[in-house]
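Here is what each chain is made of, one letter per residue.
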Amino acid sequence: MQNKVLFLLIIVLLSLSLNAQRGVRVAYIDTEYILENVPEYQEALTQLNQKADKWKNEIQVKLSAVEQKRKDLSNEKALLTKELIEEREEDIYFEEKEILDYQQKRFGPNGDLFIQQKQLMQPVQDQIFAAVQDIATNRKYDFIFDKSANGTMLFSNKALDVSETVIRSITRTAKRKQAQSKAEKKAAKDEDLVPEVNLEQEARAKALEEKKKERESAIEKARQERLAIREAKVKAAEEKRQKVLEEREKAKQAKLNARNKSAEGTANKEADTKKETEGKTETKTREQLLEENRQKKLAEREARKKALEEKKKKILEERQKALEDKKKARDSINNKN
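Model, not experiment: these values are computed from the prediction.

Conventions we followed
Residues numbered from 1 in each chain as written. Predicted model: local features only at pLDDT ≥ 70, side-chain atom pairs only at ≥ 80, totals over all residues. Heavy atoms only, no water. Axes fitted to C-alpha atoms, helices over the stretch in contact; angles between N-to-C directions. Helix = DSSP H or I, 4+ residues; strand = E, 2+ residues; numbered from the N terminus. Parallel < 35°, antiparallel > 145°, perpendicular 65-115°, else oblique. Contact = heavy atoms within 4.5 Å. Nonpolar A, V, L, I, M, F, W, Y, C, P; charged D, E, K, R; others polar. Expected span 1.5 Å × (residues − 1). Buried < 20%, exposed > 50% of the residue type's maximum accessible area, 1.4 Å probe, protein only. Patch = residues over 30% accessible without salt bridge, like charges linked within 9 Å, V, L, I, M, F, W, Y side chains within 5 Å. Areas by Shrake-Rupley, 256 points an atom, 1.4 Å probe, with all protein chains shown as cover. Salt bridge = Lys/Arg side-chain N within 4 Å of Asp/Glu carboxyl O. Lys, Arg positive; Asp, Glu negative; His and termini not counted. Charge placed at Lys NZ, Arg CZ, Asp CG, Glu CD.

Caption draft 1: Just the packing of helix α3 (residues 39-76) against helix α5 (residues 112-139), in detail. With their axes 11 Å apart at the nearest point, α3 and α5 run at an angle of 180° to one another. The pairing of α3 with α5 is recorded here as roughly antiparallel in orientation. Contact with α3, carried on its side by Y41, A44, L45, L48, K51, A52 and W55, involves D112, L113, Q116, Q117, L120, M121 and V124 of α5 and no other residues of that element. Residues of the contact of α3 with α5, tallied by class, amount to 10 nonpolar, 2 polar and 2 charged.

Caption draft 2: Spatial organisation of α3. With 38 residues, α3 ought to run about 56 Å at 1.5 Å a step, and its terminal C-alpha atoms sit 55 Å apart, in line with that. Those residues of α3 that fall on the buried side of the exposure criterion are Y41, L48, A52, W55, I59, V66 and L73. Of the surrounding secondary structure, the elements contacted by the buried residues of α3 are α2 (31-36), α4 (82-107) and α5.

Caption draft 3: Just a negative patch on the surface, in detail. A cluster of acidic residues, E83, E86, E87, E90 and D91, forms a negative patch on the protein surface. Mapped onto the fold, E87 is located in helix α4.

Caption draft 4: Structural detail: unusual backbone geometry. With a phi angle near 60°, K140 is a residue other than glycine that sits in the positive phi range. The residue K140 is located in the loop between α5 and β2 (143-146) in this model.

Written out as structure tokens, the structure is:
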């Protein structure tokens, strides 16, 4: 393998030195890809695979029968004499040997499958070789390599791949052979011609293709950068919104705790006042009790009214503050965008 690669490198270097003035024209083919796209080869290969599957099934059936005989003998050994056991074991041995011989005949190194594969490959390989020779002559290639051969190709430019041209050449040759009338033969012959190559035009087309790829790459890179910036802005806005919500929730919880504490103090104060009132009731007259009760109700009414006013005021202040915070957050996001 290393010797082949070294040999190819030496050839390329020598050609570069000898043809430095005009440049070296190199191309390659992919034989495996070509074979996959030749209908006649694929059809014959399918038939061969079907035949190989049939042979495998035959061998499997025979092996299963021998295995069953072996199991039957193992189960019946206690009822058989030594001579009968040896006779049946010998029969099983000969049957296994026949199966192995049949398997070697079909799938061995010189078996039917190998021979038919070779017979199937040879005509297509000849067609590929002839097509490559025509392409090299007409397009003035110095080298045409085979990508699927043993030589190692670490990199191959798709623009240098002439496999499709080889496939078209093989297809046109098949059409020409199948043509019946003179018109069909003439059309197939005209179609079979490989056009000459304008080197200057080809170089210009290649340069335009490279510029197009560079431009598309730059556009894609800029698009990715814009997407990254947009995602960063969205993420920052989301983090800020989450922070505002957390701060608002903390403030709300603090107010709730303060309100609960205030309500608890008021309840304790009312309880103490009630106890004092109950202690004094015994020494007061009925008129005094009625007056005190009236004054107490008035005071409670005023207190409730005052508490409602304060609560309403606090709700309005909180709502105003929430609107201002929301407006500030929205203005901040708009400024960043």
